[in-house]
Amino acid sequence: MQRSPFMLAERLKKYNIPSVRFNDESLALSNAGFTAIQIETLLIRPSSSKAVKVVLTDCEALLAQPYEFNHQQIIKMASHAGGSINIKAVLTGFFTLKHFGFHTDQIVKLASY
């Protein structure tokens with residue numbers, strides 16, 4: 001479902017997100033393979049700038065081996081308070097969690113809270 005430009009403008013205003021930043025980061029995330037809904041989920045929320053930067057920086061690594069997360073899993077981990085910290089924690093703790101028998105979906109759930 002595509003939202004109207006008016007609704008988008010109101011949501012950007014609510015979270016004090018400049019439209020230029022939204023457009024620039026939306027384009028970068030789209031080029032990285034994220035859908036419009038995933039982009040809005042990540043961007044249009046309080047304090048999203050650090051999470052967006054980390055997702056853009058670490059997206060290729062998170063999608064590739066050995067992690068092999070998908071775009072939706074990345075958004076799920078990054079779109080919560082402390083999303084940038086969640087992503088960094090996954091990158092540093094992934095092998096330890098795997099060693100203790102955690103599956104990828106369990107790691108995503110842990111990092112999503």
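Parameters and conventions
Residues numbered from 1 in each chain as written. Predicted model: local features only at pLDDT ≥ 70, side-chain atom pairs only at ≥ 80, totals over all residues. Heavy atoms only, no water. Helix = DSSP H or I, 4+ residues; strand = E, 2+ residues; numbered from the N terminus. Buried < 20%, exposed > 50% of the residue type's maximum accessible area, 1.4 Å probe, protein only. Contact = heavy atoms within 4.5 Å. Areas by Shrake-Rupley, 256 points an atom, 1.4 Å probe, with all protein chains shown as cover. Axes fitted to C-alpha atoms, helices over the stretch in contact; angles between N-to-C directions. Left-handed = near helix turned anticlockwise from the far one by under 90°. Nonpolar A, V, L, I, M, F, W, Y, C, P; charged D, E, K, R; others polar. Patch = residues over 30% accessible without salt bridge, like charges linked within 9 Å, V, L, I, M, F, W, Y side chains within 5 Å. Salt bridge = Lys/Arg side-chain N within 4 Å of Asp/Glu carboxyl O. Core = buried A, V, L, I, M, F, W, Y, C linked by side-chain atoms within 4.5 Å. Expected span 1.5 Å × (residues − 1). Bend = angle between axes of the 7 residues up to and from the residue.

Participant: Which parts of the structure should I look at to understand the overall build of the chain?
Facilitator: Across its full length, the chain holds seven helices and zero strands. Ordered by position in the sequence, the α and β elements of the chain form the string α-α-α-α-α-α-α. Reported as C-alpha extents along the three principal axes, the dimensions of the chain are approximately 50 × 25 × 25 Å. Looking at the 113 residues of the chain, the share that counts as buried comes to 40%. Contacts spanning at least 24 positions in sequence make up 58% of the contacts within the chain whose residues lie at least 6 apart. Summing over all exposed atoms, the chain offers an accessible surface of approximately 6900 Å²; the carbon and sulfur share of this is 58%.

Participant: What's the story with the packing of helix α4 (residues 49–63) against helix α5 (residues 71–78) in this structure? I'm lost.
Facilitator: The relative placement of two packed helices comes down to the angle between their axes together with the axis-to-axis distance. At a minimum axis separation of 11 Å, α4 and α5 run at an interaxial angle of 145°. Every pair of crossing elements has a handedness; the one defined by α4 and α5 is right-handed. Residue-level inspection shows Ala51, Val55, Cys59, Leu62 and Leu63 of α4 in contact with α5, the latter providing His71, Ile74 and Ala78. Of the residues that constitute the contact of α4 with α5, the class distribution is seven nonpolar, one polar and no charged.

Participant: Would you mind showing me how to read a nonpolar patch on the surface here?
Facilitator: On the surface, Phe100, Phe102 and Leu110 cluster together into a nonpolar patch covering about 320 Å² of accessible area. Mapped onto the elements of the fold, Phe100 is located in the loop between α6 (83–99) and α7 (104–111).

Participant: Would you mind going over the nonpolar core with me for this structure?
Facilitator: Inside soluble globular proteins, nonpolar side chains tend to come together where they are buried. Counting residues in each nonpolar core, the largest one holds 29 residues, and the members touching the most others are Leu29, Phe34, Leu42, Phe69 and Ile87. Residue assignment for this core shows that the elements contributing at least two residues are α1 (5–14), α2 (19–31), α3 (36–43), α4, α5, α6 and α7. When residues in this core are grouped by element, the largest group, six residues, is from α4. Setting aside residues no more than four positions away along its own chain, Leu29 makes contact with Phe34, Ile39, Leu42, Leu43, Val52, Val55 and Leu56.

Participant: Where do I start with α6 in this structure?
Facilitator: Taking 1.5 Å as the rise per residue, α6 with 17 residues should run 24 Å; its terminal C-alpha atoms sit 24 Å apart, in good agreement. Of all the bends in α6, the largest measures some 60° and sits at Gly93. Within the span of α6, buried status applies to Gly83, Ser84, Asn86, Ile87, Val90, Leu91, Gly93 and Phe94. Taken together, the buried residues of α6 touch α4, α5 and α7. Just past α6, the residue Gly101 takes up positive phi, approximately 95°.

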